[in-house]
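Architecture and fold: a report
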Amino acid sequence: MKRSPVGLTEVADWHNLAAAFHRAAYGKRARPDVQRFAANLDGELARLRAEILDGRIALGHTRTFRIFDPKPRTIHAPCFRERVLHHAIMAHVGPVLDRTLVDDTYACRTGKGALAAVHRAQQHTRRWPWWCKIDIRAYFASIDHDVLKEQLARRFKDPALLALLGRIIDAHHATPGKGLPIGALTSQQFANFYLGGLDRLLLEICRVHGFVRYMDDLVWWGDRHGQLREALAAVRVFAGEQLRLEVKEPILLGRSSQGLAFCGYRILPGRLLLSRRRRRRYGQLRRAWEHAFAVGRIDARTLQAGYSSVLAGTLHADATTWRRNQLARVPLAEPLAAL
């Protein structure tokens, strides 16, 4: 296996760091920490470059908060300086990791995404009569540091780069020796890369007929119920022994004709429906925008933009009647009645 020669010199290149700053600052220019960094950009980038090359850059400074969309999660957002570092690293490391992945892996990849994964899943649902769907229990918190570093060492040869990647990995622990922080660019890329061997097991060893993965949600298809069970047994062994992960129960296995819930949609061979969670989330967001307008926090133009953004998330589904009913309701009736 030929390893990549990418090293710290490429990561710490001045032009690479400057481009990483602009990517990290995109949409965040009004934040005080971004403005402070930008006010002395040349000096900050020079210090960042020196610390990268010397191997003494500080890591692990994060802002922790909770979100509840689509389910409760703890986010560990790196400080802005560390975000610049992550973008600089992934400008060179990311393409190498991406080339190791199979085509039907859709998370965190240019030209892919959740909607592309859904459309691909619908193609498989039309072709094959059975599907099996799994996900990994507490995936980000369960990623084993030693296994991940060993995987990276098989892709990169520069010891200094591997040492920096190892320090980034070790800067966060959910339990001793395990866990990546949700909210970091490096974590997203590492987590997507971590399951690459499982993808190839299903496609090249188990020879499943169809396969789609979106981060730790995996679905595969076949023409026999028993074939899917055999692949599932192999997945359990590989995940436990090679990746030190646990497949979450219950396992979902069903007929394609009856549909499949995946990435916020109910996928049927001839239709694409909104999941209950996505419909519920639409209602929550719509009411939040209306309440903000009712109490004077936003104006009518911002409210209309909010309506459009919330509705846009439903446009790819076959839900014309549902959307018509939502648009026909009396705007602001509920939030005004609550005041």
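Before any of the text, the structure's been laid out above.
My aim in this report is to walk through the structure given alongside it, one point at a time. (Residues numbered from 1 in each chain as written. Predicted model: local features only at pLDDT ≥ 70, side-chain atom pairs only at ≥ 80, totals over all residues. Heavy atoms only, no water.)

Some thoughts on the packing of helix α5 (residues 80-99) against helix α10 (residues 185-194)
- Running from N to C, α5 and α10 cross one another at 15°; their axes reach a closest spacing of 10 Å. With respect to each other, α5 and α10 are oriented roughly parallel. In terms of crossing hand, the pair formed by α5 and α10 is left-handed. Residue-level contacts link His86, His87, Met90 and Leu97 of α5 to Leu185, Thr186, Gln189, Phe190 and Phe193 of α10.
- Taken together, the residues of the contact of α5 with α10 break down into 5 nonpolar, 4 polar and no charged. (Axes fitted to C-alpha atoms, helices over the stretch in contact; angles between N-to-C directions. Helix = DSSP H or I, 4+ residues; strand = E, 2+ residues; numbered from the N terminus. Parallel < 35°, antiparallel > 145°, perpendicular 65-115°, else oblique. Left-handed = near helix turned anticlockwise from the far one by under 90°. Contact = heavy atoms within 4.5 Å. Nonpolar A, V, L, I, M, F, W, Y, C, P; charged D, E, K, R; others polar.)

Section: the sheet that holds strand β8 (residues 265-267)
- Pairing is antiparallel in the open sheet, where 3 strands are placed in the order β7-β8-β9. Since the sheet does not close on itself, it has two edges, and those belong to β7 (260-262) and β9 (272-274), each with one partner. The sheet shows a mean angle of 30° between the axes of neighbouring strands, taken without regard to direction.
- Judged from the 3 bridges that link them, β7 and β8 form a sheet pairing that is antiparallel. Across the sheet, the residue bridging to Phe262 is Tyr265, located in β8.
- Here helix α6 (residues 114-127) sits on the sheet in contact with β7, β8 and β9, set at roughly 20° to β8. (Pairing = 2+ DSSP bridges.)

A word on the environment of Pro5
- Structurally, the position occupied by Pro5 is in the segment before α1 (8-11).
- When the C-alpha atoms of Pro5 and Asn325 are compared, they prove to be 57 Å apart, with 320 residues separating the residues in sequence.
- Setting aside its immediate chain neighbours within four residues, Pro5 contacts Glu10 and Lys157.

Overview of the packing of helix α2 (residues 14-25) against helix α4 (residues 41-54)
- Contact pair α2 / α4: the axes reach a minimum separation of 10 Å and the direction vectors enclose 120°. When the interaxial angle is binned, α2 and α4 end up oblique. For the pair α2 and α4, the crossing hand works out as right-handed. Note on element contacts: α4 touches α2 through Leu41, Asp42, Leu45, Ala46, Leu48, Arg49 and Ile52, opposite Trp14, Leu17, Ala18 and Phe21.

Topic: the packing of aromatic side chains
- Evaluated as defined, the whole model comprises 5 aromatic pairs.
- Taking 5.9 Å as the distance between ring centres and 90° as the angle between the ring planes, the aromatic pair formed by Phe21 and Phe80 counts as edge-to-face. In this pair, Phe21 is assigned in helix α2 and Phe80 in helix α5, connecting sequence segments 59 residues apart.
- Of the residues examined, Phe21 reaches a relative accessible area of 1% and is grouped as buried.
- For Phe80, a relative accessible area of 4% gives the class buried.
- Each member of the aromatic cluster is reached from another via a ring pair, and the members are Phe21, Phe37 and Phe80.
- Positioned over the ring face of Tyr106 is Lys112, at 4.8 Å from the centre of the ring. (Phe/Tyr/Trp six-rings, centres within 6.5 Å; stacked < 30°, edge-to-face > 60°. Buried < 20%, exposed > 50% of the residue type's maximum accessible area, 1.4 Å probe, protein only. Lys NZ or Arg CZ within 6 Å of the ring centre and 35° of its normal.)

Some thoughts on the environment of Ala153
- If you trace the backbone, Ala153 turns up in helix α8 (residues 145-153).
- Under the relative-accessibility criterion, Ala153 is labelled partly exposed at 30%.
- As a C-alpha pair, Ala153 and Arg329 span 176 residues in sequence and 57 Å in three-dimensional space.
- Sequence-distant contacts of Ala153, defined by excluding residues within four places in its chain, comprise Arg3 and Leu162.

With respect to α6
- Look at α6: 20 Å from first C-alpha to last across 14 residues, which is about the 20 Å you get at 1.5 Å a residue.
- Restricting attention to buried positions, one finds in α6 the residues Ala117, Val118, Ala121, Gln122, His124 and Thr125. Along the axis of α6, the buried positions cluster into a sector of 165°, meaning they face one direction only. For α6, the exposed residues set more than 90 degrees away from the buried face come down to Arg126 and Arg127. (Expected span 1.5 Å × (residues − 1). Arc of directions from axis to C-beta.)

Details of the side chain of Thr105
- Relative to the elements of secondary structure, Thr105 occurs in the loop between α5 and α6.
- Beyond its immediate stretch of four places on either side in the chain, Thr105 contacts Lys112, Asn192, Asp199 and Arg213.

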